[in-house]
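Coordinate inspection notes
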Amino acid sequence: MTTLKDRLKDELTESIRARDELRSSTLRLTLSAITNEEVSGKTARELSDDDVLKVIAKEAKKRREAFEAFDQAGRTEQAAREKAEGELLAEYLPKQLTDDELGAIVAQAVDEAKAGGAEGPRAMGAVMKIVNPKVAGLAEGGRVAAEVKKRLAG
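Presented here is a report on the structure given in the accompanying data block. Nothing here was measured: the structure is a model prediction, and the numbers come from that model. (Residues numbered from 1 in each chain as written. Predicted model: local features only at pLDDT ≥ 70, side-chain atom pairs only at ≥ 80, totals over all residues. Heavy atoms only, no water.)

Structural notes on the overall build of the protein chain
Looking only at helices and strands, the protein chain features 7 helices and 0 strands. When the helices and strands of the protein chain are placed in sequence order, the string is α-α-α-α-α-α-α. With the C-alpha coordinates of the protein chain rotated into their principal frame, the extents come out at 60 × 40 × 30 Å. Within the span of the protein chain, comprising 154 residues, buried residues form 33% of the whole. Restricting the contact set of the protein chain to residue pairs at least 6 apart, pairs at least 24 apart contribute 60%. Summing over all exposed atoms, the protein chain offers an accessible surface of approximately 9700 Å²; the carbon and sulfur share of this is 51%. Each charge class in the protein chain was averaged separately, 27 positive and 29 negative side chains, and the resulting centres sit 4 Å apart. (Helix = DSSP H or I, 4+ residues; strand = E, 2+ residues; numbered from the N terminus. Buried < 20%, exposed > 50% of the residue type's maximum accessible area, 1.4 Å probe, protein only. Contact = heavy atoms within 4.5 Å. Areas by Shrake-Rupley, 256 points an atom, 1.4 Å probe, with all protein chains shown as cover. Lys, Arg positive; Asp, Glu negative; His and termini not counted. Charge placed at Lys NZ, Arg CZ, Asp CG, Glu CD.)

Digging into the nonpolar core
Ranked by size, the top nonpolar core spans 19 residues in total, and within it Leu102, Val127, Val131, Val135, Val144, Val148 and Leu152 carry the most contacts. Looking at this core, the elements that each hand over two or more residues are helix 5 (99–115), helix 6 (124–135) and helix 7 (141–153). The residues contacting Val144, other than those within four sequence positions of it, are Leu102, Met128, Val131, Asn132, Val135 and Ala139. Leu27, Leu31, Ile56 and Ala60 belong to the second-largest nonpolar core, a separate cluster that totals 15 residues. (Core = buried A, V, L, I, M, F, W, Y, C linked by side-chain atoms within 4.5 Å.)

Focus: the pattern of salt bridges
Following the criterion strictly, the structure yields 16 salt bridges and no others. Its salt-bridge partner being Arg7, residue Glu11 comes within 3.1 Å of it at the nearest N-O pair. Note that Glu11 and Arg7 are positioned in helix 1 (residues 4–17) at a spacing of 4 residues, about one turn of the helix. For Arg7, a relative accessible area of 34% translates into the label partly exposed. Residues Arg45 and Glu37 are paired through a salt bridge, measuring 3.5 Å at the closest nitrogen-oxygen approach. The class for Arg45 is partly exposed, based on a relative accessible area of 37%. Beyond isolated ion pairs, a larger network of salt bridges with shared partners links Glu21, Glu59, Lys62, Arg63, Arg81, Glu82 and Glu85. (Salt bridge = Lys/Arg side-chain N within 4 Å of Asp/Glu carboxyl O.)

Written as C-alpha cells, this is what we have:
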C-alpha cells in the first residue's frame, strides 16, 4: 500500500517528465511543507496520511486566500495561478460536504448539546466539540462555525 506522500512524490516525477510546470511546482511546494511539518518540533517523525491531508488542506487554504488577495488587488495573472494551484491540491483532498449535509450534522449536534443542557450562543463550544470530529477534513472551520452560529441563533 502506498502512502499519500509516496503518491505525491510519484506524481511529481511524472509531472517533471511531462514538463508540467504548474503541477510540478505545486507538488514541490506541498512536499516541502510536508517535510517541514515532519521535522518541526523536538523530534523528526513520519506523518500519517491524515497528517499529510491536513498539510495539503492548509496549503490549499493558503492558495484560496492568496487568490482572493490577488483578485481584489486586480492582479489577474497571479490570481489565476493561485486558483489553479488550489484546484490541483483539491484533487488530493476528500470531497467537501455540501451545505445541506453540513447543516444536518450541525443540527444533530445542536440537539445533542441541548440534551446535555447547553443552549443559546453559549453552547457554541459544546456544539463545536461534537461537530469537529465528524467533519474533520470534510468542511472548512469557518463554514462549520458559521453554520453552528446560525443554528444556535435561530
